[in-house]
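Structural description and commentary
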Amino acid sequence: QRVLDAQLQQHGPHDRAYGEALVSMAEVDRARGRNEMAIERCEQAMEILERVLKPEDPDLAAAMERVADVERALGRYDDAMARRREALARREALLGAERSELMVPLVALGDTQQQGGQLEAARGSYARARAIGERVLGPADPTLVPSLTGLSRVALAAGEVDEARR
C-alpha cells in the first residue's frame with residue numbers, strides 16, 4: 001500500500017506508473033483474499049491505463065493479461081476470457097498472427113477457457129499455440145510443452161483418454 005500511496009503522491013491518479021501500481025496491488029489483494037478490493041483496483045487500473053497508453057502499446061496488452069490473471073483466479077472466467085482475447089488481438093495487431101510471442105497468451109487463454117468450462121474453445125487456443133510453435137520454432141521445441149499439456153488436459157476432461165496420451 002505504501003508503494004501505491006507513493007505513486008499516487010508522486011505522479012497523481014491519472015498516471016501510467018500509478019495504474020501499473022494498482023495492478024500490482026490487485027494481485028496482492030487477490031493473494032490475501034481481498035477479492036472485491038482486487039476487482040476494484042483492476043477496474044481502476046484499466047481505466048487509467050487505457051486512457052494514458054496508446055492502444056498499440058504492448059504494455060497495455062501486458063497489463064490486460066495481468067488483470068485477466070486476477071479475474072481468472074477469482075473465478076470471473078467470462079471477464080478474464082474477454083480481456084485475454086482483447087490483449088491477444090492487440091498483440092496480433094502489433095506482431096502479426098504467426099509469431100512465437102503469441103504462444104504464451106494463447107495458452108493462458110486456453111487455460112482460462114478450460115477453467116471456465118469451454119473445452120472446445122480451449123482446445124482451439126492450445127492447438128493454435130502448438131501450430132504457431134511448430135511452424136516458427138520447429139516440432140521439437142520445448143516451448144511447445146504448455147500447449148501440448150493443455151491439449152492433453154482438454155482431452156482428459158472430455159473423456160478422450162487415447163487422445164490425451166498422444
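The shown structure was predicted, so the numbers you read here are calculated from the model rather than taken from an experiment.

Conventions we followed
- Residues numbered from 1 in each chain as written.
- Predicted model: local features only at pLDDT ≥ 70, side-chain atom pairs only at ≥ 80, totals over all residues.
- Heavy atoms only, no water.
- Salt bridge = Lys/Arg side-chain N within 4 Å of Asp/Glu carboxyl O.
- Helix = DSSP H or I, 4+ residues; strand = E, 2+ residues; numbered from the N terminus.
- Buried < 20%, exposed > 50% of the residue type's maximum accessible area, 1.4 Å probe, protein only.
- 1 Å grid on protein atoms, 1.4 Å probe; cavity = no way out; pocket = protein on both sides within 12 Å on 5 of 7 lines; lining within 4 Å.
- Points joined across faces, edges and corners; volume = space filled by probe spheres on them.
- pLDDT = per-residue confidence, 0-100.
- Axes fitted to C-alpha atoms, helices over the stretch in contact; angles between N-to-C directions.
- Parallel < 35°, antiparallel > 145°, perpendicular 65-115°, else oblique.
- Left-handed = near helix turned anticlockwise from the far one by under 90°.
- Contact = heavy atoms within 4.5 Å.
- Nonpolar A, V, L, I, M, F, W, Y, C, P; charged D, E, K, R; others polar.

What follows deals with the pattern of salt bridges. A full pass over the atoms with the stated rule returns 19 salt bridges. R16 is the salt-bridge partner of D59, the closest N and O atoms lying 2.0 Å from each other. Here D59, found in helix α4 (residues 58-73), pairs with R16, found in helix α2 (residues 16-31); they are 43 residues apart in sequence, far enough to count as distant. By relative accessible area, D59 is classed as partly exposed at 34%. The closest approach of N and O atoms between R41 and D29, which form a salt bridge, is 2.5 Å. With a gap of 12 residues between them, R41 in helix α3 (residues 35-52) and D29 in helix α2 connect regions that are remote in the sequence. Neither R41 nor D29 differs from the other in exposure class; each is buried.

A few words now on the layout of surface pockets. Of the voids in this model, the largest pocket is the one considered here, and its volume is about 150 Å³. For the largest pocket, the full set of lining residues is R123, R130, L148, L151, S152, A155, E163 and R166. Where the lining of the largest pocket is concerned, the elements lending two or more residues are α7 (119-137) and α8 (145-157). In terms of residues, the lining of the largest pocket owes the most to one element, α8, which gives four residues.

Further remarks concern the confidence of the model for the protein. The predicted model of the protein averages 92 in pLDDT, with 100% of residues at 70 or higher. Across the protein, the secondary-structure element scoring lowest on mean pLDDT is helix α1 (residues 2-11), at 74, and the one scoring highest is α7, at 98.

What follows deals with the packing of α2 against α4. The geometry of α2 relative to α4 is characterised by a closest axis approach of 10 Å and an angle of 20° between their N-to-C directions. It follows from the interaxial angle that α2 and α4 lie roughly parallel. For the pair α2 and α4, the crossing hand works out as left-handed. Counted together, R16, E20, V23, S24, A26, E27 and R30 of α2 and D59, R66, V67, V70 and A73 of α4 form the full contact between these two elements. Split into classes, the residues belonging to the contact of α2 with α4 amount to five nonpolar, one polar and six charged.

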